[in-house]
Amino acid sequence: MDIEIATIGGYEEVGRQMTAVRAGDDIVVFDMGLNLSKVLIHDNVQTERMHSLDLIDMGAIPDDRVMSDLEGDVKAIVPTHGHLDHIGAIGKLAHRYDAPIVASPYTLELVREEINDEGKFAVDNDLVEMDAGETMAIGDRCELEFVNVTHSVIGAINPVLHTPEGAVVYGLDKRVDHTPVVGDPIDMQRFREIGREGDGVLCYIEDCTNANRKGRTPSEAVARRQLKDVMHSMEDWDGGIVATTFASHIARVKSLVEFADDIGREPILLGRSMEKYSGAAERIGAVTFPDNLGMFGHRKSVDRSLERVMNEGKENFLPIVTGHQGEPRAMLTRMGRGETPYDIEDGDKVIFSAGVIPEPTNEGQRYQSEQLLRMQGARIYDDVHVSGHLRQEGHYQMLDALQPQHVIPAHQDMEGFSGYVSLAKSRGYTLGRDLHVTSNGNTIQLVE
Ligand SMILES: [Zn+2]
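Residues numbered from 1 in each chain as written. Predicted model: local features only at pLDDT ≥ 70, side-chain atom pairs only at ≥ 80, totals over all residues.

Caption draft 1: The arrangement of the overall build of the protein in detail. Helix and strand counts for the protein come out as 14 helices and 19 strands. Taken against the 2.2 N^0.38 rule, which gives 22 Å for 448 residues, the C-alpha radius of gyration of the protein at 22 Å falls within 12% of a compact globule. In the protein, buried positions account for 51% of the 448 residues. Long-range pairs, those at least 24 residues apart, make up 76% of the contacts in the protein with a sequence separation of at least 6. (Helix = DSSP H or I, 4+ residues; strand = E, 2+ residues; numbered from the N terminus. Rg over C-alpha atoms; globule rule 2.2 N^0.38 Å. Buried ≥ 20, exposed ≤ 12 C-beta atoms within 10 Å, placed from the backbone. Contact = placed C-beta atoms within 7 Å.)

Caption draft 2: Looking closely at the environment of Lys174. The residue Lys174 is located in the loop between strand 10 (166-171) and helix 6 (188-196) in this model. What makes Lys174 buried here is the crowd of 27 C-beta atoms within 10 Å. Taking the C-alpha atoms as reference points, Lys174 and Asn158, separated by 16 residues in sequence, lie 8.3 Å from one another. In this view, Lys174 contacts Val149, Thr150, His151, Ala156, Asn158, Ile186, Asp207 and Leu390; residues no more than four positions away in its chain are not counted.

Caption draft 3: Main features of the environment of His249. The topology assignment puts His249 in the loop between strand 12 (241-245) and helix 8 (250-262). Taking the C-alpha atoms as reference points, His249 and Lys228, separated by 21 residues in sequence, lie 16 Å from one another. For His249, the residues in contact, after removing those within four places along its chain, are Ser152 and Val153.

Caption draft 4: Layout of the packing of helix 6 against helix 13 (residues 392-402). Where helix 6 contacts helix 13, the two axes come as close as 7 Å, and the packing angle between them is 45°. Considered as vectors, helix 6 and helix 13 are oriented oblique to each other. Contacts between helix 6 and helix 13 involve Met188, Phe191, Arg192, Ile194 and Gly195 from the former and Met398, Ala401 and Leu402 from the latter. Broken down by class, the residue content of the contact of helix 6 with helix 13 amounts to 6 nonpolar, 1 polar and 1 charged. (Axes fitted to C-alpha atoms, helices over the stretch in contact; angles between N-to-C directions. Parallel < 35°, antiparallel > 145°, perpendicular 65-115°, else oblique. Nonpolar A, V, L, I, M, F, W, Y, C, P; charged D, E, K, R; others polar.)

Caption draft 5: Representation of the sheet that holds strand 11 (residues 201-207) in the model. With mixed pairing, 6 strands are arranged side by side in an open sheet as 7-8-9-10-11-18. Two strands close off the open sheet at either side, each with one partner strand: strand 7 (135-138) and strand 18 (406-410). Ignoring strand direction, the axes of neighbouring strands in this sheet form an average angle of 20°. Note that strand 11 and strand 18 share 5 bridges and pair parallel. Bridge pairing in strand 18 places Ile205 opposite Ile408. (Pairing = 2+ DSSP bridges.)

Caption draft 6: Representation of the nonpolar core within the structure. Judged by nonpolar contacts, the single largest core of 125 residues is most densely connected at Val28, Val29, Ile90, Leu161 and Ile320. Looking at this core, the element that brings in the most residues is helix 8, giving 7 residues. Split by domain, the residues of this core number at least three in each of domain 1 (3-216 + 388-447) and domain 2 (220-381). If near-sequence neighbours (up to four positions away) are discounted, Ile320 is found in contact with Ala243, Val253, Leu256, Pro267, Ile268, Leu269, Leu270 and Met274. (Core = buried A, V, L, I, M, F, W, Y, C linked by C-beta atoms within 7 Å. Domains from an automatic or database assignment.)

Caption draft 7: Representation of the domain arrangement of the protein in the model. Annotation of the protein at the domain level lists domain 1 (3-216 + 388-447) and domain 2 (220-381). Taken together, the contact between domain 1 and domain 2 spans 18 residues of the former and 19 residues of the latter. When residues of the side of domain 1 that touches domain 2 are traced back to their parent elements, those giving at least two are helix 1 (36-40) and helix 5 (105-117). For the side of domain 1 that touches domain 2, the element with the highest residue contribution is helix 5, accounting for 5 residues. Split into classes, the residues belonging to the side of domain 1 that touches domain 2 amount to 10 nonpolar, 5 polar and 3 charged.

Caption draft 8: Region of interest: helix 7 (residues 220-232). Along its 13 residues, helix 7 runs 18 Å from first to last C-alpha, staying within 8% of the 18 Å computed at 1.5 Å per residue. Among all positions in helix 7, only Glu220, Ala223, Arg224, Leu227 and Met231 are buried. Buried residues along helix 7 cover an arc of 100° about the axis, so they all sit on one side. Relative to its buried face, helix 7 has exposed residues pointing more than 90 degrees away, namely Asp229 and His232. (Expected span 1.5 Å × (residues − 1). Arc of directions from axis to C-beta.)

Caption draft 9: Region of the structure containing the packing of helix 13 against helix 14 (residues 414-426). Contact geometry of helix 13 with helix 14 gives a least axis separation of 11 Å together with a crossing angle of 45°. Considering their axes alone, helix 13 and helix 14 lie oblique with respect to each other. Judged by the twist between their axes, the crossing of helix 13 over helix 14 is right-handed. Note on element contacts: helix 14 touches helix 13 through Gly419, Tyr420 and Leu423, opposite Gln392, His395 and Tyr396. (Left-handed = near helix turned anticlockwise from the far one by under 90°.)

Caption draft 10: Representation of helix 8 in the model. With 13 residues, helix 8 ought to run about 18 Å at 1.5 Å a step, and its terminal C-alpha atoms sit 18 Å apart, in line with that. For helix 8, a buried count of 10 out of 13 residues is recorded, marking the element as mostly surrounded by other parts of the structure. Regarding helix 8, the residues found buried are Ile250, Ala251, Arg252, Val253, Lys254, Ser255, Leu256, Val257, Phe259 and Ala260. Here the buried face of helix 8 lies against helix 7, strand 12, strand 13 (266-270), helix 9 (272-283), strand 15 (317-321) and strand 16 (349-353).

Here you go:
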């Protein structure tokens, strides 16, 4: 059976991920993501109403026109997890393919919201729920399997396409975490089995976000301990404490909610995306928050809630808000500008339970936001966080478990791939032979 891989998006950037694997006449598409930085750089762009081709021209969504070079039928669209760089283009591209969208329950819940928010296209692909550990047939001779992985959002899986020529493992995005706080540990045992059963692994496509970083990405349990230490150190502070993190990072939000209670404060989730991601996690039963946990997304309800905080005393509350990257319209940035009823006063604490995404626009916005908060006397606790992506020792572990015949680095640009290329070379791979460094819009024929 001939096997071909199309590297459509996310091979020159972190963002707008999309890859297709053709096995004979059957094609499976992995991810359809958005590159948010290409959208945010333009003022007031409303992507909901924009046409796919305009977004492709902006570099915001994958240029899927290369799909017409693949001779076969798309049998499934498989988003690996709910981050926007993996599902954010589904509203714009999925309707072009007569195929179901197959995803884990939490990812599928977020896909549903993407489709509902889409204002230009009617996306009526079937939505099929599949859990980690389950499989489905793709055509007559292939099988799709979901392997549980750990990442900074719940419900992440690595899809595996079992073909007569061996398995194709799509490894985006993950870290090796045995104590993930919410959900199950990464299923390394299954990866080792896949590496050794039948014809083994034909090809492994790897998440290279942190490929240039040495050592091992710590577990979410480490971030939780760090956060506990920071929050318990504030137990005696009788002023304001505000925390911010990735709204989609349910494990972290859960830790924040629990530690707020430990130090005698009522947690409240504020901001549209806080409400969206935590609401979805509760709806599918992935997490249970206290009954009285307030979640407010709309401007008016947010303001009312902050007025209550000011009336009843800031020392009784922990607002958990959006704005960890200094996004201009997010809650924390608005708090810094004094645009909300919440007054930041001398000595108030602000916890950034997030790293800074290393991208110039982002770094600038985050710097501004911090300065605004500092000017009002806020004390900043930053980087109370661990990354959701493998570093080099995780990449080594994955190569060791899977023993793939071919590897394709993804989820970075050329510079970002370099650490992975060095590692793969040291493990016996050769550029151009079985180590394929590629860019957007290419196809790689693995078996003819
Ligand atoms: Zn991700």
